[in-house]
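Read off the chains here:
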Number of protein chains: 2
Amino acid sequence: MANDTHDAFIYRADCPSRVILDQLGDKWSMMILAVLVVEPHRFNAIKRRLEGVTQRVLTQTLRKLERNGMIGRRVLGGSPPGVEYALTPLGRSLQKPFAVLYEWTLTHIDTIQKHQQAYDRKRKVG
Amino acid sequence: MANDTHDAFIYRADCPSRVILDQLGDKWSMMILAVLVVEPHRFNAIKRRLEGVTQRVLTQTLRKLERNGMIGRRVLGGSPPGVEYALTPLGRSLQKPFAVLYEWTLTHIDTIQKHQQAYDRKRKVG
DNA sequence: CGGTATCCCACATGATACTG
DNA sequence: CAGTATCATGTGGGATACCG
């Protein structure tokens with residue numbers, strides 16, 4: 001063995017972890033999926049449930065999710081006309097990983113905040 | 001029932017999903033944790049395993065992970081002197097959620113890319 | 001070895017106005 | 001209703017140089 005104890009595995013910026021972060025790491029994607037997991041929604045119905053999102057950003061995010069195959073877009077004929085967004089099977093398959101993450105977050109959110117406060121106190125004093 | 005079929009739950013920008021994304025949604029955090037899960041590493045040992053990271057950004061990211069309680073920082077006396085970073089129990093507790101996410105990614109990465117290509121073809125032609 | 005200090009730019013997001 | 005167009009801005013990240 002040369003330098004390090006374990007032979008080095010080099011992580012590159014295009015590591016598989018990026019795949020999911022590039023898709024869901026933005027501000028609204030996960031919340032959109034959380035809305036659509038209940039049932040399909042129209043554009044403005046989604047917008048009403050996301051406090052503070054702008055039309056522009058919502059459109060962008062929906063396009064990205066559609067491009068990645070997470071949601072489908074369907075134009076509704078009839079009156080009133082509209083567009084409906086719904087989860088695809090791929091999008092639905094995210095539910096389990098999300099549930100695990102969500103559970104972890106709820107379990108540890110207090111611990112995290114305590115660490116942050118302790119760290120900030122040390123910085124302020126020291 | 002008034003407006004929507006289900007009574008609305010409004011998602012705000014400070015949704016719990018942000019907690020984890022704010023900490024691990026950046027470019028290098030997950031890879032750093034993946035390095036440290038093997039064993040504690042020194043600063044430059046981590047740097048060598050992350051292709052393309054700069055000292056500045058690595059320092060920033062390590063500080064953030066430390067502040068959030070994911071990793072610990074220990075100054076090594078002796079020769080040569082140095083600093084060692086290691087996972088805390090909190091950081092280690094992320095292994096299971098990560099494993100689930102990683103498995104999902106490996107399972108569906110092909111499907112995602114096919115969706116992306118199909119979407120881009122339609123855009124180019126249409 | 002393990003950092004800081006500057007400078008810079010690309011990109012994500014937001015505000016606002018307009019449209020088929 | 002469901003967008004597009006335009007403009008503005010904050011921040012993440014990179015390049016580079018210097019420091020104890």
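Refer to the structure presented above.
Only a predicted model underlies this, so the values are computations on that prediction, with no experimental measurement involved. Per chain, residue numbering runs from 1 following the sequence as it is written. Chains and ligands are labelled sequentially in the order written, the chains with letters from A and the ligands with numbers from 1. In keeping with the predicted nature of the model, local features appear solely for residues at pLDDT of at least 70, side-chain atom pairs appear and are counted solely at 80 or more, and the whole-chain, interface and lining totals rest on all residues. Calculation of side-chain values draws on the structure's entire complement of heavy atoms; hydrogens and water are dropped beforehand.

Novice: Please provide a residue-by-residue account of the protein's contact with DNA strand C, values included.
Specialist: Residues are counted as near a molecule or strand when any one of their heavy atoms sits within 4 Å of it. Close contacts around DNA strand C come from 19 residues, with K27 and R56 of chain A together with Q55, R73 and Y85 of chain B the closest. Close to the protein, within 4 Å, the atoms of DNA strand C belong to sugar or phosphate groups at a rate of 62%. The definition of a polar contact used here is a pair of N or O atoms within 3.5 Å, where within protein one atom must be able to donate a hydrogen and the other to accept one, and adjacent residues in sequence count solely through side-chain atom pairs. Taking N44 of chain B, its main chain carries an N or O atom lying 3.0 Å from a phosphate oxygen of DNA strand C. R63 of chain B places a polar side-chain atom, nitrogen or oxygen, 3.0 Å from a phosphate oxygen of DNA strand C. For the surface near DNA strand C, the secondary structure elements donating two or more residues are α4 (55-67) of chain A together with α3 (43-49), α4 (55-67) and β3 (82-87) of chain B. Polar here means any residue other than Ala, Val, Leu, Ile, Met, Phe, Trp, Tyr, Cys and Pro, which are nonpolar, and Asp, Glu, Lys and Arg, which are charged; Gly is therefore polar. Partitioning the surface near DNA strand C into residue classes produces five nonpolar, seven polar and seven charged. Secondary structure is summarised from DSSP: a helix means a run of H or I of at least four residues, a strand means a run of E of at least two, and numbering begins at the N terminus for each.

Novice: Describe the pattern of salt bridges, listing the residues and the values that go with them.
Specialist: What counts as a salt bridge is simple: a side-chain nitrogen of Lys or Arg found within 4 Å of a carboxyl oxygen of Asp or Glu. Scanning the model with the defined rule gives twelve salt bridges over all chains in all. In this structure, the salt-bridge partner of D26 of chain A is K64 of chain A, at a minimum N-O distance of 3.1 Å. Placement of the pair is D26 of chain A in the loop between α1 (16-24) and α2 (29-36) and K64 of chain A in helix α4, with a sequence separation of 38 residues. Residue burial is assigned from relative accessible area. The probe radius is 1.4 Å, only protein chains are included, and a residue is buried under 20% of its type maximum, exposed over 50%, and partly exposed in between. Overall, the relative accessible area of 30% leaves K64 of chain A in the partly exposed class. Salt bridges sharing partners connect three or more residues here, namely R12 and D14 of chain A together with E51 of chain B.

Novice: Pulling in residues and values, what's your account of the interface of chain A and chain B?
Specialist: Throughout, a residue-residue contact means that at least one pair of heavy atoms, one from each residue, lies within 4.5 Å. Chain A puts 58 residues into the contact, and the matching count from chain B is 58 residues. For any pair of parts, buried area is found by adding up, for both, the accessible area (1.4 Å probe) each one loses once the two are put together. Both sides together, the interface formed by chain A and chain B hides about 5,400 Å², and carbon and sulfur atoms give 65% of it. Among the residues chain A hides against chain B, the three largest losses belong to Y11, R49 and R67 of chain A. Together they make up 14% of the total. The tally of links from chain A across to chain B stands at four salt bridges. In this structure, the salt-bridge partner of R67 of chain B is D120 of chain A, at a minimum N-O distance of 2.8 Å. Seen at the junction of chain A and chain B, the total is 16 residue pairs in polar contact (both at pLDDT 80 or more). Looking at the side of chain A that touches chain B, the elements with two or more residues in it are α1, α2, α3 (43-49), α4 and α6 (95-125) of chain A. Per-element accounting of the side of chain A that touches chain B gives the leading share, 15 residues, to α6 of chain A. Partitioning the side of chain A that touches chain B into residue classes produces 30 nonpolar, 13 polar and 15 charged.

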